[in-house]
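Chain by chain, the residues:
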Amino acid sequence: MAVRATVSRFPATAEALEACAVQWGIAVTPFAAADERGQPPATGAGGDRVPRCENCWAYLNSHCDMERWGWSCALCGNLNGFDEDALRRIQRPDACLELSSSFVDLEIPVDGSEVAGDGVQARPVYVAAVDLACSEEFLELIKSALLAALEAMIPGSLFGLMTFSHKIGLCHAPTFFLAPIDTCKDRIAAALDTLRPTSSWERGAASGQEADTVLLGGRGFGTAMAALIDYLSSEYGTTFALARVFAFLSGAPDYGDGQLDTRRYGEQYASKGEDPDLALLPEQIPFYKDLAAVAVQAGVCVDVFAVTDEYTDLASLKFLSIESGGSLFMYTNTDDSTLPQDIYRLLSRPYAFGCVLRLRTSSDFEPGNSYGHFFPDPQYEHVQHIICCDSFATYAYDFNFAHPEGFSRHTDPAVVQIAFQYSIIEPVKETSENETQSSASYMFCLKRRLRIRTLQYRPAKSINEIYDSVDPEAVLHILVHKVILISLDKGVKEGRGLVHDWLALLTARYNLVLRSDARNPESHVDVDFLMSPQLQMIPQLVFSLLRSPLLRLHEEGIHPDYRIYLQCLFSALEPSSLAKAIYPVLVSYSSPDKQAFPRHTLSRAALIMSESPIFLLDSFTNLIVYYSSTADPSFPFPPPYDCLLRTTINALKQDRCITPKLTFIHGGRDDSTLFESYLIEEQDVDGSGFTTGKGFVSFRESIRLGAAEIIETESTM
């Protein structure tokens, strides 16, 4: 469980919070194998026996004050007594890990059994739902992806294959829809090989149209998914504890239940006085959101893979994936799609399911908004349910003070406790005396665990101390979540205004703090945060956020489906990955085996001044190796597999939730447009592209003017 706070020194009062203008909150990656420093949790049993505070229900932890017969809660201060079981446990440190470590992961008995998992067996279930109202190229890509998926699945897992177009098709081997992959992998592969796109004659007959007038269509996705989820619900709790459905789409559903009208993308909103960036973000119909709720009750998690360059209305479809615990993937073509690699990664990494995430704080402050792909508990505040959670999935909270006085005792630390309860399936391989290793049977055991992390944060003694403790990537993380929500509610333009105005306010408040020191001239407005190194990256992050497709406008050519895809992707990333996606990392190399400089600004001027011949740009979704036109002709291109540059690339590709596209560009021979598009500091934030080099410079000036206006207004109050 990795936790990153926007500031490691919390504001002491509501007045200090307003005065500093910093985003206040935390980002939590609950199923990460280690904490943010790389330390794993202390593990053991007895998760159901950890004492709870009688007042706030926090768990006993290593920050609590211990008495002979009881303990004082580190969060609310309540004095609690020990029962006989707890008294026996605290006499043995190995049986009471919560007192020796602030980060523990403890097993919980399942279904009341004394040993977790006894008598509870469930096999992993995977079902592929394949769109046949498609092209041959789409289908070949899906076949490759599913063959890769079969290699990644745990032996003993059950796999089902369903197809849909104007009708639903089921592939079964030999009599069951769900077949074990360890014994039926060849049959499944053979079934995949028989898949063919539905013909125009078939679709025409179903729709009552002439065959030669029917284009790709007849895609009854909604009807098929509803039927599949209904079938799987009958197996929930007996055959499986969680079923994962991989839905492959080549276009918008246009047949049967849940069909979507794609004509709204072509409408002329300007002539109607409407904002297209707002009109195209809400869902058309509630069908897929309602279906996600049914999927949750049926123990079904849906991952949607859309492979199309046409408008598919992901704004409506996204709910089926993100609200059922799945992911949304988008690929604009089949030629360079990373779909096979992505689904292999998805199945290769561990995941938890049936998760409950609860955040508690000490009594002087409280969680405000919560952000991420979860749904709130209908009864309990600050409790979130997560259907399926992998080691990358990240959630965020911002904080508010419970009262204006803030931390009543400024010397006492603020306390945050995060409890994460989850289930996992572990394989148990059984081989009888009469069975060979190859014919071993595979069993699976359901286990329930409780992960608890308790952290302390000292209140800051001054505003400068807050600024010195800022984590700019965590600040960006909270800011992006807020921007996505306001964009969905009020439109992209409103989101852009929020970001710009916040940076102007932060700049103004920072300068007001500077002016409290008589040595700083009042006439100067510092927009570069020269006296606060931790804030210096924030203007570039905000500028890059405004230039990103997340916040660029419809008239700049940003496809609404791509914007929705980025919203879903960005709102699940941990802070470092998100920062890289917003403001890519540009590294220079003097040769394929020698790094020159670890990070450059994203500008043409930086490239020229560095005089380095080779650059590696990492934008999270893309990795670009760029050889300048002046690179030594003796340098091999592309770089060889055994060089430092390739080793770095391979390491970067492994450490993320999606497969980044790798592109090699030689500036002297190839089109450099893709690489140059990331050099954003010469681009204007309004999307006018390359100008006279005033992009970031003019942006800084607009922030300076905005900050100066705020300073003048607040100085006269």
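The structure under discussion appears in the preceding block.
The present account deals with the structure reproduced in this document. (Residues numbered from 1 in each chain as written. Predicted model: local features only at pLDDT ≥ 70, side-chain atom pairs only at ≥ 80, totals over all residues. Heavy atoms only, no water.)

**Quick look at the nonpolar core**
Put simply, the rule is: The set of buried Ala, Val, Leu, Ile, Met, Phe, Trp, Tyr and Cys residues whose side-chain atoms join them within 4.5 Å is what this entry labels a nonpolar core. For every residue, the accessible area (1.4 Å probe, protein chains only) is compared with the maximum for its type, and the residue is labelled buried under 20%, exposed over 50%, or partly exposed between those bounds. A helix here means a DSSP run of H or I that spans at least four residues, while a strand means a run of E at least two residues long, and both kinds are numbered starting from the N terminus. The contact definition used throughout considers only heavy atoms, calling two residues in contact when any of these lie within 4.5 Å.
Membership of the largest hydrophobic core comes to 180 residues, with the highest contact counts inside it found for Phe10, Ile26, Phe159, Phe248, Ile418, Phe570 and Phe675. If one sorts the elements of this core by residue count, helix H3 (residues 136-152) sits on top with nine residues. Beyond its immediate stretch of four places on either side in the chain, Phe248 contacts Ala128, Ala129, Val130, Asp131, Phe138, Ile142, Leu146, Phe164, Phe305, Leu339 and Ile343. Within the second largest apolar cluster, 20 residues are counted, among which are Val50, Trp71, Cys73 and Ala74.

**Let's talk about the packing of aromatic side chains**
The condition is simple: Any two of the Phe, Tyr and Trp rings considered here, Trp counted by its six-membered ring, make a pair once their centres fall within 6.5 Å; the pair's planes then place it as stacked at under 30 degrees, edge-to-face at over 60, or tilted in between. In this scheme, the term charge over a ring applies when either NZ of a lysine or CZ of an arginine sits within 6 Å of the ring centre and within 35 degrees of the ring normal.
In total, this model carries 30 aromatic pairs according to the counting rule given. Here Phe246 and Phe305 contribute two aromatic rings whose centre-to-centre distance is 6.2 Å and whose plane-to-plane angle is 70°, an arrangement assigned as edge-to-face. Of this pair, Phe246 sits in strand E13 (residues 243-249) while Phe305 sits in strand E14 (residues 300-307), placing them 59 residues apart in sequence. Classification of Phe305 as buried rests on a relative accessible area of 0%. When the ring of Tyr467 is compared with that of Tyr510, the centres are 5.9 Å apart and the planes differ by 65°; the resulting orientation is edge-to-face. Note that Tyr467 is positioned in helix H12 (residues 463-468) and Tyr510 in helix H14 (residues 492-515), a separation of 43 residues in sequence. Exposure class is identical for Tyr467 and Tyr510. Each is buried. Through successive ring pairs, a cluster of aromatic residues spans Phe10, Trp24, Phe365, Phe399, Phe401, Phe407 and Tyr457. Cation over ring: Arg453 sits above Phe103, and NZ or CZ is 5.4 Å from the ring centre.

**Concerning the side chain of Ser532**
You can see Ser532 is positioned in the loop between H14 and helix H15 (538-547). Setting aside chain neighbours within four positions, we find Ser532 in contact with Tyr467, Asp468 and Tyr510.

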